[in-house]
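# Topology and contacts: notes
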Amino acid sequence: MTQTSAPATPGDPAGAPRAPAAPAAPPASSRPPAPGRATRVASRVWGRRRAWAAPVAVFAVVFAGYVLFAAQQWAQYTARSWDLGIFTQLLSRYAALQPPIVTIKGDGYNLLGDHFHPLLAVLAPIYAVFPSAFTLLVIQAACFALAAAVFTRAVKARLGTASAVALGLAFGFAWGLQYAADAQFHEIALAVPLLTLSLVAVLDRRWRAACLWGAPLVFVKEDLGLTVVVLGLLVVLLAWRERGIPSREVPAAGATSTSTAVRRFLRSGMGLGAGLAAWGAIWFVVATMIVLPALNPGGEWAYADKADPISVFADTAALFNPAKGETLALILACSAGLALRSPVALLLLPTLAWRFLSTNSGYWAPTWHYSAVLIPIVLVALLDAIERGRSSRWAWMRAYVRQAPAVAVTAAVVLLPGLPLFSLVEAEGWEPSTRAASAQAAIAAVPEGASVVSDIGLMNYLVSDHEVFWIGNDNPAPDCLVIDTIAGGTPGEWGDVGAVGRLLFPDAEYAQVFSRDGYEVACR
């Protein structure tokens, strides 16, 4: 009979049950090989690739969309304003290691006296390699795409891949970013990824990362100092709710007690948030009260008079202007109505306040670039509200937040036909400009290295290799005049380019060297 249990050992009572015998170990040659180091590394790499697949895909689609739109505008010689020319001239100065003197704004004008945006200097190496105004449009596309990818990764960790891709694309092609792209390049392009990275870190309760990503916002534009203040206070609020005020351990000596408590507080979320808020407040004051007045030709912050709450409150037509309602409606729509359920929405207040309390009606509507910084706030607030809603005491809210991603994506899709990038899928959007050949000939008619006074018509195409002045300023007499009588903004009553030369520079003589399809060039 086969033995099925271990033999008795000394000291075992007779008849006691015995443990079954352990099966014999298989020979070493038949064991499955342990995973090697290369296999483990490959597994980790593959896992990371899968984790980044959705964000990378969203980045590629969003980047391609904005670059194609920029190329469409560029090929059709679309000029929304002088801003692209201004920032191109700024980066050309930084790339040459020169002060930011931008002659488009005025002869000898230091652009750091207009808006406080020293962080743009980090783009100078890119411009030095690719010296063209179109480079700035590509950089802006990359900024928007990067922000969308960061947001996609945050959504994937919470809602899964399908929701991540859908909401990531809704972020990337949101109305605020599309209108900013339509207005061409502005400094706020840098704020979009920084703000997204900071707010995603806030959701992850990574306070140090949130503060480090948020701190550079003060160098993007002066008003963002106030946004940084609110961001710091948000970190304080959430850190306090999370852990409370850091308790103080009882050390050996009283002096050490105070220093230990201070160090622990400064390293805590509350301390980091308080420091960030102070950082934002300090730089807002420094920028608006010291730097801008010192460098501005008028000796003041040029936009200080734009915010006039008393006048706005006294004028009900301005206070309740439909353009403001449209902006607010779009905020609610792209957040599925949930943005206000998140404390992240507090960051909307500084931007909406200076815009809605301004007497400049151009700030009220959702167009131009003023709403770009709102998109990261609104979409991250949506994500936060979805997480909070899952534990709501109201059953209807718990049910609604499960559908909120679909609602937000549907709203984004419904809005697309009225937004600028819809021209990418319209046949007429790709029709060549009837004036393109004439524009190229007008640019070629300007001698290499000549200084130019121009309206906005061909300014963006001249600024990378000419000293350009805007026609509306008091400028020194240039080598050439370039005007676009159809879309450049030169007053029609000024006449042709020869008459413009006699009007603006009576002591100089200009001869017309080119005139076709509204483009006119005269040189000395």
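Right, let's walk through the structure included here. The shown structure was predicted, so the numbers you read here are calculated from the model rather than taken from an experiment.

### Notes on the pairing of strand β4 (residues 511-516)
A regular strand places its side chains on the two faces of the sheet in alternate fashion. In this structure, β4 lies alongside strand β5 (residues 519-523), joined through five bridges in antiparallel fashion. Within β5, the residue paired with Phe-514 across the bridge is Val-521.

### Here we look at the sheet that holds strand β3 (residues 480-484)
Pairing within the open sheet is mixed, and its five strands lie in the order β2-β1-β3-β5-β4. Where the open sheet ends on each side, the last strands, each with one partner, are β2 (468-470) and β4. Averaged over all neighbouring strand pairs, the angle between strand axes comes to 20°, with direction disregarded. On the sheet, helix α20 (residues 497-504) packs against β3, β4 and β5 and is oriented at approximately 125° with respect to β3.

### Concerning the state of the cysteines
Overall, the coordinates contain one disulfide when judged by the stated rule. Sulfur-sulfur distance for the disulfide between Cys-480 and Cys-523 comes to 2.1 Å. One disulfide, between Cys-480 and Cys-523, carries an S-S torsion of 105° and so falls in the right-handed class. Here Cys-523 lies in strand β5 and Cys-480 lies in strand β3, a separation of 43 residues in the sequence. Accessibility classification places Cys-480 together with Cys-523 in one group, the buried group.

### A closer look at the nonpolar core
Tyr-66, Phe-185, Leu-382 and Leu-458 are the most contacted members of the largest nonpolar core, which has 132 residues in total. In terms of residues, this core owes the most to one element, helix α4 (residues 133-159), which gives 14 residues. Judged by nonpolar contacts, the second largest core, of 11 residues, contains Ile-471, Ile-483, Ala-508 and Tyr-510.

### Things to note about unusual backbone geometry
Positive phi, close to 60°, is recorded for Leu-97, a residue that is not glycine. For Ala-336, which is not a glycine, the phi torsion comes out positive at approximately 55°. Here Ala-336 is to be found in the loop between α14 (322-334) and α15 (348-356). A relative accessible area of 8% places Ala-336 in the buried class.

### Some words on the packing of α4 against helix α7 (residues 191-203)
Put simply, α4 and α7 touch, their axes get as near as 8 Å, and they point 15° apart. The orientation of α4 relative to α7 falls into the category roughly parallel. As α4 runs across α7, the sense of the crossing is left-handed. Between α4 and α7, the residues in contact are Cys-143, Phe-144, Leu-146, Ala-147, Val-150, Phe-151, Ala-154 and Arg-158 and Val-192, Pro-193, Thr-196, Leu-197, Val-200 and Leu-203, respectively.

### Some points on the pattern of salt bridges
What the rule picks out here adds up to nine salt bridges. As a salt-bridge pair, Glu-467 and Arg-93 come within 3.0 Å of each other at their nearest N and O atoms. Of this pair, Glu-467 sits in the loop between α19 (459-462) and β2 while Arg-93 sits in helix α2 (residues 83-95), and the two are 374 residues apart along the sequence. When the shortest N-O distance is used, the salt bridge between Lys-221 and Asp-223 registers 2.9 Å. As far as burial versus exposure is concerned, Lys-221 and Asp-223 are alike and both buried. Where salt bridges share partners, they join Arg-158, Asp-204, Arg-206 and Glu-387 into one cluster.

### With respect to the environment of Leu-231
As for its placement among the helices and strands, Leu-231 is situated in helix α9 (residues 224-243). Expressed as a C-alpha distance, the spacing of Leu-231 and Leu-199, which sit 32 residues apart in the sequence, is 8.4 Å.

### So, helix α17 (residues 395-415)
The terminal C-alpha atoms of α17, which comprises 21 residues, lie 30 Å apart, in line with the 30 Å expected from a rise of 1.5 Å per residue. When the local axis directions of α17 are compared, the greatest deviation, roughly 45°, occurs at Gln-403, which is followed within four positions by the proline Pro-405. Within α17, burial applies to Met-397, Val-401, Ala-404, Pro-405, Ala-408, Ala-411 and Ala-412. In the core, the buried residues of α17 are packed alongside α4, α5 (161-172), α14 and α16 (374-389).

Rules used throughout
- Residues numbered from 1 in each chain as written.
- Predicted model: local features only at pLDDT ≥ 70, side-chain atom pairs only at ≥ 80, totals over all residues.
- Heavy atoms only, no water.
- Pairing = 2+ DSSP bridges.
- Helix = DSSP H or I, 4+ residues; strand = E, 2+ residues; numbered from the N terminus.
- Axes fitted to C-alpha atoms, helices over the stretch in contact; angles between N-to-C directions.
- Contact = heavy atoms within 4.5 Å.
- Disulfide = S-S within 2.5 Å.
- Buried < 20%, exposed > 50% of the residue type's maximum accessible area, 1.4 Å probe, protein only.
- Core = buried A, V, L, I, M, F, W, Y, C linked by side-chain atoms within 4.5 Å.
- Parallel < 35°, antiparallel > 145°, perpendicular 65-115°, else oblique.
- Left-handed = near helix turned anticlockwise from the far one by under 90°.
- Salt bridge = Lys/Arg side-chain N within 4 Å of Asp/Glu carboxyl O.
- Expected span 1.5 Å × (residues − 1).
- Bend = angle between axes of the 7 residues up to and from the residue.

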